[in-house]
Amino acid sequence: MISRRNVLTGLGASLLSSPFPGVSRADTAPRKLALPPLMDATKSGAFALNAQHGRVNFLGQSESQTWGFNQPFLGPTLRVATSAEARADVTNRLDEQISVHWHGLVIPGDVDGGPHQTIAPGENWSPVLPIDQPAATVWYHTHTHGETARQVYNGLAGVLQLSDGLDDDRGLPSTYGVDDLTLVLQDRRFDQRGRMDYNLSMPDRMMGFMGDTMLVNGQVGATAVVPKGIVRLRLLNGSNARIYTLMMSDDRPLQLVGTDTGLLDRPITLQDLTLAPGERYELLVDFGDGGSVSLLSGQNTNMGMMGGGMMGGRQPSGPPFEVLPFEVDPTVVARITTLPDDLGGSRPDMDPVGAHKRNVTLDMAMGPGMMMRGKGNRFSISGQAFDMSRIDMSVARGEMERWTISADMMMHPFHVHGVAFQVLSENGRPPKAQNTGWKDTILINGQADILMKFDRPASESLPYMFHCHILEHEDGGMMGQFAVI
Ligand code: C2O
Ligand code: CU
Ligand code: CU
């Protein structure tokens, strides 16, 4: 029996393959995809998150020990207003320290939730988040130095919607779980008894963790049920390292309406979309023809120089695999049936003249001897591995910064805290269409130039981070920290 679990590696991949070993898709009615519960704090301005232990039976076999916020695995979708204070109340009911970073929120360093702001077991952290930025889909996750990868893998992540309540005027679908779907994409591995597994091999440490089973919102083998019309997909790549190349199984277009930190001015029609760890994109897909269709992804392309002989058998070849099947429910009346043309968002168009220039290199120690090295500093940024006690730079508040980021061995999703940036160029050419909106994470495939202005302060004791969002790379030292003064 071919299992869905083999699909990711391309071994015997078939779209008809079963979600569970030993159970074929035909034997079971499709399970409807559930969305994370919505926690709407737009009125109250307050929300509470409890990090807690859970047990989840992902595959219909043994239960896995998991972590979540307010639930067994992952966290609720928080909805907060775009310009108001949000009072967070985070309690750590786990038995190790965690932190909660608001990835995509442009807020001061003292409430950013990075590795200097850990919450000890049993403790509580209640930051006030002074939010003032455009509508977007951002997210939150733990950010403990050296432990982020395992802690996120266990489930400490969730989506945060910045909402201005104007989606009706924009003609955008906005009914949570009906025509507005939050989709957290993650890949996982399971042991023989079906328990979620995070054991890193040497290639996992180098390339980042790759699972063989697809999870959407923490579910394996579920089907999204949608109305006959236009549906908004808010995609988050919450995987530790996997890069998705998303497309529809019948090649119907993807209309890009939002990037990491904001809506676009108007939709961009795409055939496929690259989604790297940490990135969010908002798409509109037209299900008006009523037919069933699937969201697919190409195999992970981030093999770098490892794709060849050395790591034999891990080539990025193989057919696309299924991320999420869709089924149209004809009894649900779609609210939106035509594509909006004016989204009321923007594309950054800042002036790079006079910007303060910096070079950032994303370094991996490769070559002879690298396999032999112990837990040493395999990863670094601009020649230095992350050090909690070293501030790597100081940036002037309110001034334009232009960073040239380069990577040679592999692609690295580069993320900067405390800002939304403009991608000026990729490898000397204008940015890819999907990178023309406001971003906080960009997949560096060679070199990219980004332009940004830091408006919020971050002290040397509670600095911002910049790092690779392949979590094994981040934990391995591909991270730096800076103050905004
Ligand atoms: Cu999504 Cu520094 O993190
Ligand atoms: Cu972040
Ligand atoms: Cu990396």
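Residues numbered from 1 in each chain as written. Chains lettered and ligands numbered in written order. Predicted model: local features only at pLDDT ≥ 70, side-chain atom pairs only at ≥ 80, totals over all residues. Heavy atoms only, no water.

A. Structural detail: the overall build of the protein chain. Counting secondary structure elements, the protein chain contains four helices and 33 strands. Across the 485 residues that make up the protein chain, the buried fraction comes to 60%. Partitioning the intrachain contacts of the protein chain with sequence separation of at least 6 by distance along the chain shows that 77% fall at a separation of at least 24. Total accessible area computed for the protein chain in this model is approximately 17600 Å², and 50% of it derives from carbon and sulfur atoms. (Helix = DSSP H or I, 4+ residues; strand = E, 2+ residues; numbered from the N terminus. Buried < 20%, exposed > 50% of the residue type's maximum accessible area, 1.4 Å probe, protein only. Contact = heavy atoms within 4.5 Å. Areas by Shrake-Rupley, 256 points an atom, 1.4 Å probe, with all protein chains shown as cover.)

B. Expanded view of the coordination of the copper ion (ligand 3). Distances from the copper ion (ligand 3) to its protein donors, His412 (ND1), Cys468 (SG) and His473 (ND1), fall at 2.0 to 2.1 Å. Going along the chain, you hit the donors of the copper ion (ligand 3) in the pattern H-x55-C-x4-H. Placement of His412 in strand β28 (residues 412-416) and of His473 in helix α4 (residues 471-475) is noted, with a sequence separation of 61 residues between them. Across the pair, His473 and His412 agree in class, each one buried. (Donors = N, O, S within 2.8 Å, 3.2 Å for Na, K, Ca; no water.)

C. Just the sheet that holds strand β30 (residues 441-444), in detail. Read from one edge of the open sheet, five strands run β26-β33-β32-β28-β30, paired in mixed fashion. The two strands at the open ends of the sheet, each matched to only one other strand, are β26 (393-395) and β30. Sheet twist, expressed as the mean angle between neighbouring strand axes with direction ignored, is 25 degrees. The pairing of β28 with strand β32 (residues 464-468) spans three bridges and is antiparallel. Residue pairing in the sheet places Val416 in a bridge with Phe466 of β32. (Pairing = 2+ DSSP bridges. Axes fitted to C-alpha atoms, helices over the stretch in contact; angles between N-to-C directions.)

D. Representation of the coordination of the copper ion (ligand 2). Summarising the metal site, the copper ion (ligand 2) is bound by the protein donors His101 (NE2) and His415 (NE2), whose distances to it range over 1.9 Å. Taken together, the residues span a long stretch of sequence, with His101 in strand β7 (residues 101-103) and His415 in strand β28 at a distance of 314 residues. An identical accessibility class is assigned to His101 and His415; each is buried.

E. Spatial organisation of the sheet that holds strand β29 (residues 422-426). Taken together, five strands build an open sheet; the order of strands is β25-β24-β27-β31-β29 and the sheet is mixed. At either margin of the open sheet sits one strand with a lone partner, and together these are β25 (379-381) and β29. Ignoring strand direction, the axes of neighbouring strands in this sheet form an average angle of 20 degrees. For strand β27 (residues 400-407) and strand β31 (residues 447-453), the ladder comprises seven bridges, and the chain directions are antiparallel. Across the sheet, the residue bridging to Thr404 is Asp449, located in β31.

F. Unusual backbone geometry, seen in detail. In this model, Asp251 sits at a positive phi of 65 degrees, which is unusual for a non-glycine residue. Structurally, Asp251 can be placed in the loop between β17 (244-248) and β18 (254-259). Looking at Asp251, the relative accessible area reads 49%, which means it is partly exposed. At Asn427, a position not held by glycine, the phi torsion is positive, near 50 degrees. Positionally, Asn427 belongs in the loop between β29 and β30. Of the residues examined, Asn427 reaches a relative accessible area of 36% and is grouped as partly exposed.

Spatial relationships are all this shows, so hold off on functional conclusions.
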